[in-house]
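Structural description and commentary
Chain residues, written in single-letter form:
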Amino acid sequence: MGNVLVVAEIQNGKVREASYELLTFAKKLAEGTGRGVKSLVIGSGVGDAAAAFASKGGGETLVVEDAAVANYNVDGYRAAIRAGVEAADADVVLISNTPSGWDVAPRIAAGLDAGFISDCFGVEVEGGNAVFLRRVFNGKLDARLKSSSAKTVVTVQPGACAAFAGSSEGGTKPLTADFSGIRAKFVEVKVAESKGIDLSKAEVIVSGGRGLGAPEKFPEIIQPLADALGGAMGASRPVVDAGWLPHAYQVGSSGQVVQPKLYIAAGISGAIQHLVGMKASNFIIAINKDPDAPIFEVADLGVVADLFEIVPALTEAVKAAKG
Ligand code: FAD
């Protein structure tokens, strides 16, 4: 049996939070199946980031330092990951389900003739074998998948597990790869305009839907409750499609997948495409005037009422309780 290789992602010179989540996933898989965990960091000038990752759970961390992979490019990353798989004697490769992960992971799997399981949100161990969990049919079913291949490449949803918070020994080890096959030339990074919200990290999310009726109701009704609870504001897709809020606020199958401690849905019907993005939240409160709204099927607490009465009253109650 081989090891689990965690492919860490670098963003702004640091290892991304999603890579620490991969470690949590990796440790669960490794402990149950008797594997070890090793990591791989790719980039240029990433020595400090790799050392930090190695000491915070990454264990023995292979580092491919080369100007050729200073910025993401699929050929370079593919070469580095292939070298990492060999050096780590890995039979399970974990990659975050991010845009670069979508790009490189299937190519790694094809090149290794490995099984490929994408967009997992969890792993369980049954009789010493890993069982990977992923949502299918827009979240209606959870598929439980075992790999029958000698090697398996798995991508894991950011936000699906808590970030690993422990420490590890192992240190970093330099690794070289053959970059002669790089066919793309890096030109520039264009950063999309960001409103500074990352719902995947919020512990409390208060989301509003079409039931709000008008864009100004979001700053008037939803944002004050989110602020009072120290959380973030979210929305359903029609709100974004109507231009009331930017896409960064959208929760659901074509928006963000979130797992906060508390999710409050106000004026949201609970279409499957919305549920798939929030039903893993720890505690869900739904406020809807329609008692048959499907959102109540996933709610821990359902309030059948007019949101324009309940939400402001709740905001005042939270403020009063906080003094
Ligand atoms: P509605 O379904 O119109 O529901 C509004 C709700 O507000 C109703 O239940 C109503 O009873 C309630 N309401 C109205 N007034 C009040 C009041 N005063 N007080 C309390 N309750 C009130 N949707 C997403 O959210 N995220 C996605 O990522 C997403 N991706 C999609 C991808 C695809 C390919 C497709 C086809 C659809 C997608 N959708 C997504 C759309 C989804 O199918 C639903 O249309 C959408 O979620 C409905 O949004 P809503 O609940 O805000 O609106």
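Located above this text is the structure these notes cover.
Cut-offs used in this document
- Residues numbered from 1 in each chain as written.
- Predicted model: local features only at pLDDT ≥ 70, side-chain atom pairs only at ≥ 80, totals over all residues.
- Heavy atoms only, no water.
- Core = buried A, V, L, I, M, F, W, Y, C linked by side-chain atoms within 4.5 Å.
- Buried < 20%, exposed > 50% of the residue type's maximum accessible area, 1.4 Å probe, protein only.
- Helix = DSSP H or I, 4+ residues; strand = E, 2+ residues; numbered from the N terminus.
- Contact = heavy atoms within 4.5 Å.
- Pairing = 2+ DSSP bridges.
- Axes fitted to C-alpha atoms, helices over the stretch in contact; angles between N-to-C directions.
- Phe/Tyr/Trp six-rings, centres within 6.5 Å; stacked < 30°, edge-to-face > 60°.
- Lys NZ or Arg CZ within 6 Å of the ring centre and 35° of its normal.
- Expected span 1.5 Å × (residues − 1).
- Parallel < 35°, antiparallel > 145°, perpendicular 65-115°, else oblique.
- Left-handed = near helix turned anticlockwise from the far one by under 90°.
- 1 Å grid on protein atoms, 1.4 Å probe; cavity = no way out; pocket = protein on both sides within 12 Å on 5 of 7 lines; lining within 4 Å.
- Points joined across faces, edges and corners; volume = space filled by probe spheres on them.
- Nonpolar A, V, L, I, M, F, W, Y, C, P; charged D, E, K, R; others polar.
- Domains from an automatic or database assignment.
- Near = heavy atom within 4 Å.
- Polar contact = N/O pair within 3.5 Å; in protein donor to acceptor, adjacent residues only side chain to side chain.
- Areas by Shrake-Rupley, 256 points an atom, 1.4 Å probe, with all protein chains shown as cover.

Some points on the nonpolar core
Counting residues in hydrophobic clusters, the biggest one holds 28 residues, and the most contacted among them are Val6, Phe25, Leu29, Phe53, Leu94, Phe132 and Val154. Of all the secondary-structure elements, those providing two or more residues to this core are strand S1 (3-7), helix H1 (17-33), strand S4 (37-43), helix H2 (47-58), strand S6 (90-96), strand S7 (115-120), strand S9 (129-136) and strand S11 (152-156). Residue contributions to this core peak at 7 residues, all from H1. In this view, phenylalanine 25 contacts Leu94, Cys120, Phe121, Gly122, Val123, Phe132, Val154, Val156 and Cys161; residues no more than four positions away in its chain are not counted. Counting 27 residues, the second-largest nonpolar core is a separate cluster that includes Leu40, Ile81, Ala90 and Phe179.

Side note on the sheet that holds strand S15 (residues 262-266)
Read across the open sheet, the 5 strands follow the order S14-S13-S15-S16-S17; overall the sheet is parallel. At either end of the open sheet lies a strand with only one pairing partner, and these are strand S14 (232-235) and strand S17 (301-304). Strand after strand, the sheet turns through a mean of 15 degrees between neighbouring axes, direction not considered. Where strand S13 (residues 204-208) and S15 come together, 5 bridges link them in parallel fashion. Following the sheet pairing, valine 206 is matched in S15 by isoleucine 264.

Thoughts on the packing of aromatic side chains
Using the criterion set out here, one finds 4 aromatic pairs in the structure. Judged by centre distance (5.0 Å) and plane angle (70 degrees), the ring pair of tyrosine 20 and phenylalanine 53 falls under edge-to-face. Here tyrosine 20, found in helix H1, pairs with phenylalanine 53, found in helix H2; they are 33 residues apart in sequence, far enough to count as distant. For the pair shown, tyrosine 20 and phenylalanine 53 are each scored as buried. Here the basic side chain of lysine 27 rests over the ring of phenylalanine 164, its NZ or CZ set 4.8 Å away from the ring centre. One residue, arginine 135, lies across the ring of phenylalanine 121, its end atom 3.9 Å from the ring centre.

Side note on helix H4 (residues 99-112)
Taking 1.5 Å of rise per residue, 14 residues should cover 20 Å, and H4 covers 21 Å from first to last C-alpha, within 8% of that figure. Of the positions making up H4, those classed as buried are Ser100, Gly101, Val104, Ala105, Ile108, Ala109 and Leu112. The inward-facing, buried residues of H4 abut helix H3 (74-88), S6, S7 and S11.

A look at the packing of H3 against H4
Between H3 and H4, the least distance of the axes is 10 Å, while the angle of their chain directions is 50 degrees. It follows from the interaxial angle that H3 and H4 lie oblique. Relative to H4, the crossing made by H3 is right-handed. Two secondary-structure elements touch here, H3 through Val74, Tyr77, Arg78, Ile81, Arg82 and Val85 and H4 through Asp103, Val104, Arg107, Ile108, Gly111 and Leu112.

Let's talk about the layout of surface pockets
Leftover empty space is mapped by rolling, across the atoms, a probe with the size of a water molecule. Taken as a whole, the second largest pocket holds about 340 Å³ of empty space. Forming the boundary of the second largest pocket are 14 residues, of which Cys161, Ala162, Ser200, Lys201 and Gln259 lie nearest the centre. A class-by-class count of the residues in the lining of the second largest pocket yields 5 nonpolar, 4 polar and 5 charged. Here the lining of the second largest pocket spans two domains, and each of domain 1 (3-174) and domain 2 (199-322) adds at least three residues to it.

What about the site of the ligand?
Not every one of the 25 residues close to the ligand is listed here, only the nearest: Ser236, Ser254, Ser269, Gln273 and Asn288. The separation between an oxygen atom of the ligand and a polar main-chain atom of serine 253 is 3.1 Å. Asparagine 288 is positioned with one of its side-chain polar atoms (N or O) 2.7 Å from an oxygen atom of the ligand. Compared with its free state, where it exposes 990 Å², the ligand has 75% of that area covered by protein. When residues of the shell around the ligand are traced back to their parent elements, those giving at least two are helix H6 (237-241), helix H7 (272-278) and helix H8 (307-322).

Focus: the sheet that holds S9
What the 3 strands build is an open sheet, ordered S8-S9-S10; its pairing is antiparallel. On the outer flanks of this sheet lie strand S8 (122-126) and strand S10 (141-145), each paired with one strand and no other. Taking each pair of neighbouring strands and ignoring which way they run, the sheet shows an average axis angle of 30 degrees. With 5 bridges connecting them, S8 and S9 associate as antiparallel partners. The residue bridging glycine 122 from the neighbouring strand is leucine 133, located in S9. In the packing of H1 onto the sheet, the strands contacted are S8 and S9, and the crossing angle to S8 comes to about 5 degrees.

Quick look at the pairing of S6
Burial analysis of S6 places 7 of its 7 residues in the buried class, the great majority of the element. Bridging between S1 and S6 involves 4 bridges; their strand directions are parallel. Looking at the pairing, asparagine 3 lines up with alanine 90 of S6. The sheet contact formed by S6 and S11 spans 5 bridges and is parallel. Counted as the bridge partner of valine 92 is threonine 152 from S11.

Honestly, that's just the spatial picture; any functional story needs more than this.
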